[in-house]
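# Report on the structure
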Amino acid sequence: MADIDSLFKKPNLPSKTTLSSKKRKLEPFNPLEAYKSARVETSGKGKGKAAAVEDGDSDMMGDDGAAGPELPSGQVFDDEDDEGRFFGGGVSDRQVEILDFMEEREKEDTGPERIDVGWLRKTALNFEKKISKNAEMRGKFEDEPQKFMVSEAELDEAIKLLSILSEHPELYEEFANLGCAASLVGLLTHENSDIAGEAVQVISELTDEDVEAETEQWNALVDAMVDADLLDMLVSNLSRLDESTEGDRSVVYHTLSVFENLASQQRLAEAIATKTSFFTWILNRLQVRESPVTQNKQYAGEILAILLQSSQLNRKKFTELNGVDILLQLLSPYRKRDPTKGGEEEELLENIFDAVTCVVNDVEGKEKFVEAEGVELALIMLREGKMSKNRALRLLDHACGGEKGVMVCERLVEALGLKTIFGMFMKKQDAQTNEHLLGIFAALLRTLPADSAPRIRTLAKFVEKDYEKIERLLKLRDGYAAGVKAVERSIEAQKKQLDEEEWDEYAVEWFSRRLDGGLFCLQITDLVLAWMCAEDDGARKRVEEILEKKGMSTAVVRETLQEQLDSMEEEGEVDDETRNMKEMLATLIKFV
């Protein structure tokens, strides 16, 4: 007996560069071709060998000695068919004309089938009929799969046909209104996992970002699917899939693709994270040991990073599931070793670092990061890591930042991290590394309590060895200031070509160019210098001496801080953290 699973073979996993599979086209059935295939040439000539007829009963012989019954009246015979053995092919003159007419019509170019509301309603009706027929056949012959195989194959083809809608998003609303979106979602629970997988793939194609749908069209379709419990069904379906088989691996991939498509809207991203067990599935999937790392594992890490970036609510939910500790355990093997370069494992490492970095921006994430000894792990990576080194530094920068970063900063000092980060600072580094180091310095000086042991140890590091760190800061400042000046000269030249009334239109663009030119790093550097001038008289004196040699004074530092303060004043209503930042800047300006 035929294996029912063989009827629904899944394609190979799509390549990494494509998130939706190639659309399949259902070849239309041509009744004319089927009709003509059985037609005998009207000439009456047989194309095969004539069957030999042995002498039989004399009753079959006519009066003229010919075998067989009497010839039908009114038939036309070919001149070469003197005996009329083939009765003119069995068709009359009228039938010959009809067949010739049909043949001519077939040769004409009738163009592709028109995809419109009429086509959709006909297709939708057929789709619903196939679902009902398959359910009926399965109910009648539950233990005899060979009897519902045909209905299963027909349902599979009906599902595939729906993928053409991705090229006609103007039909999405009608598709949803007809109830077909809900019916398609309902197939996710089909007993045949291949049917469920086909439904997932079509949903992935219909919701793909490459579909040129208007927001209203996309929302109409997706909302109908979500109302039909799409999210829970997708997660539930994942639990019954076995990725050791090629077909199920493909279904998992397309399921993740659907989640990625839906996560493009924050409300849906939050629903995925907070109203389903998808985070739990991802954490379990990431902990599966694989060598080499598979595409689905890497994709799961990518979806996790996307969901965590999209919403603070998602990050809070994730920390409640002990997600930070699990991700740090996954990062731990890379303390000293690197993943295979250019492979899935390297991308997975990037995704996990991105996910943790997102979480530690919030106070709950910072607390979990400290509890799980994330600071210590990051410091080990800074000392001994290779590929993980820069990513660990970025992670520490984000973890230390913000008013609530004090717990991370204190643990950094307690774990003897000052020696590590100041040692890196005194060596030549790339621009991104310097930016993260400056961010950590600013966080330490901003958050560590006055007269506390961690703060005193931090200040001591800045002033040791004859203020070499101060000199390094001022050297970096020269580079940042030069970059900003170059951009400002270009902006001034552009202003001369514009009317003053047009300047406001370019204000955002010009500010962005200044940031790219080094303004952000210049602001952080001057913030650190201002703190040192306020905290230590010796540091202040050294800053003044070095600036004086260059024909400048601490006024340049004050100007940078004042510009930053002015930009914050223009923001209008602000939160507590921004308000405290403004107060800090106003105080520091008085010391420089």
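Summarised in this report is the structure supplied together with it. (Residues numbered from 1 in each chain as written. Predicted model: local features only at pLDDT ≥ 70, side-chain atom pairs only at ≥ 80, totals over all residues. Heavy atoms only, no water.)

What the protein contains, in helices and strands, is 27 helices and zero strands. A sequence separation of at least 24 residues applies to 74% of the contacts in the protein between residues at least 6 apart. Only carbon and sulfur atoms are counted for the fraction: they give 48% of the accessible area of the protein, which is about 31,700 Å². (Helix = DSSP H or I, 4+ residues; strand = E, 2+ residues; numbered from the N terminus. Contact = heavy atoms within 4.5 Å. Areas by Shrake-Rupley, 256 points an atom, 1.4 Å probe, with all protein chains shown as cover.)

For the rest of this paragraph, the subject is the packing of aromatic side chains. Overall, the coordinates contain nine aromatic pairs when judged by the stated rule. Both rings, one in F422 and one in F441, keep their centres 4.6 Å apart while their planes meet at 20 degrees; by these two values the pair is stacked. Within this pair, whereas F422 is found in helix α21 (residues 417-425), its partner F441 is found in helix α22 (residues 431-447), the two being separated by 19 residues in sequence. Here the two residues F422 and F441 agree in accessibility, since each one is buried. (Phe/Tyr/Trp six-rings, centres within 6.5 Å; stacked < 30°, edge-to-face > 60°. Buried < 20%, exposed > 50% of the residue type's maximum accessible area, 1.4 Å probe, protein only.)

Turning to the nonpolar core, a few remarks are in order. In terms of nonpolar packing, the biggest core is built from 152 residues, with F127, L184, F278, L327 and I421 touching the most fellow members. With eleven residues, the top contributor of residues to this core is helix α24 (residues 503-535). When sequence neighbours within four positions are dropped, the list of residues in contact with L184 reads F127, I159, L162, A199, V202, I203, L206 and M225. (Core = buried A, V, L, I, M, F, W, Y, C linked by side-chain atoms within 4.5 Å.)

The next point concerns the side chain of D362. Here D362 lies in the loop between α16 (344-359) and α17 (363-371). The class for D362 is buried, based on a relative accessible area of 13%. For D362, the residues in contact, after removing those within four places along its chain, are Q312 and R315.

Attention shifts here to the side chain of T447. With respect to the secondary-structure elements, T447 resides in helix α22. A relative accessible area of 13% means that T447 is categorised as buried. Side-chain polar atoms of T447 contact the backbone oxygen of A443, separated by 2.7 Å. When near neighbours in sequence (up to four residues on either side) are disregarded, T447 contacts G402, E403, G405, V406 and C409. (Polar contact = N/O pair within 3.5 Å; in protein donor to acceptor, adjacent residues only side chain to side chain.)

This part covers the pattern of salt bridges. Side chains that carry opposite charge are capable of pairing whenever their charged atoms lie near each other. Enumeration according to the criterion identifies 32 salt bridges in this entry. Across the pair R477 and D526 runs a salt bridge whose closest N-O atoms are separated by 2.6 Å. Taken together, the residues R477 in helix α23 (residues 453-496) and D526 in helix α24 connect sequence positions 49 residues apart. Grouping residues by exposure puts R477 and D526 together as buried. A salt bridge links R514 to E563; its shortest N-O distance comes to 2.6 Å. In this pair, R514 sits in helix α24 while E563 sits in helix α26 (residues 555-569), placing the two residues 49 residues apart along the sequence. Using a relative accessible area of 14% as the deciding quantity, one classes R514 as buried. Shared partners join several salt bridges into a network, and the residues in it are K461, E464, E468 and K469. (Salt bridge = Lys/Arg side-chain N within 4 Å of Asp/Glu carboxyl O.)

Its 24 residues give helix α3 (residues 117-140) an end-to-end C-alpha distance of 34 Å, which sits within 8% of 34 Å, the value for a rise of 1.5 Å per residue. If you check which residues of α3 are buried, you get W119, L120, T123, A124, F127, I131, N134, M137 and R138. Buried residues belonging to α3 abut α4 (149-161), α5 (172-177) and α6 (180-186). Measuring from the side-chain oxygen of the N-cap residue of α3 to the backbone nitrogen of G118 gives 3.2 Å; that N-cap residue is D116. (Expected span 1.5 Å × (residues − 1).)

What follows deals with unusual backbone geometry. Of the consecutive residues S291 and P292, the connecting peptide bond is found in the cis state with omega at 0 degrees. When you line up the elements, P292 lands in the loop between α12 (278-286) and α13 (295-310). Here the phi dihedral of D229 falls at roughly 75 degrees; this positive angle occurs in a residue that is not glycine. The topology assignment puts D229 in the loop between α8 (215-227) and α9 (230-238). By relative accessible area, which is 36% here, D229 ends up partly exposed.

Attention now moves to a nonpolar patch on the surface. Among the surface-exposed residues, F511, L515 and F520 lie close enough to one another that they form a single nonpolar patch of about 260 Å² accessible area. On the secondary structure map, F520 appears in helix α24. Given a relative accessible area of 40%, F520 falls into the partly exposed group. (Patch = residues over 30% accessible without salt bridge, like charges linked within 9 Å, V, L, I, M, F, W, Y side chains within 5 Å.)

This brings us to the environment of L238. For L238, the location among the structural elements is in helix α9. Separated by 17 residues in sequence, L238 and T255 have C-alpha atoms that sit 7.9 Å apart. When near neighbours in sequence (up to four residues on either side) are disregarded, L238 contacts V252, T255, F259, F278 and W281.

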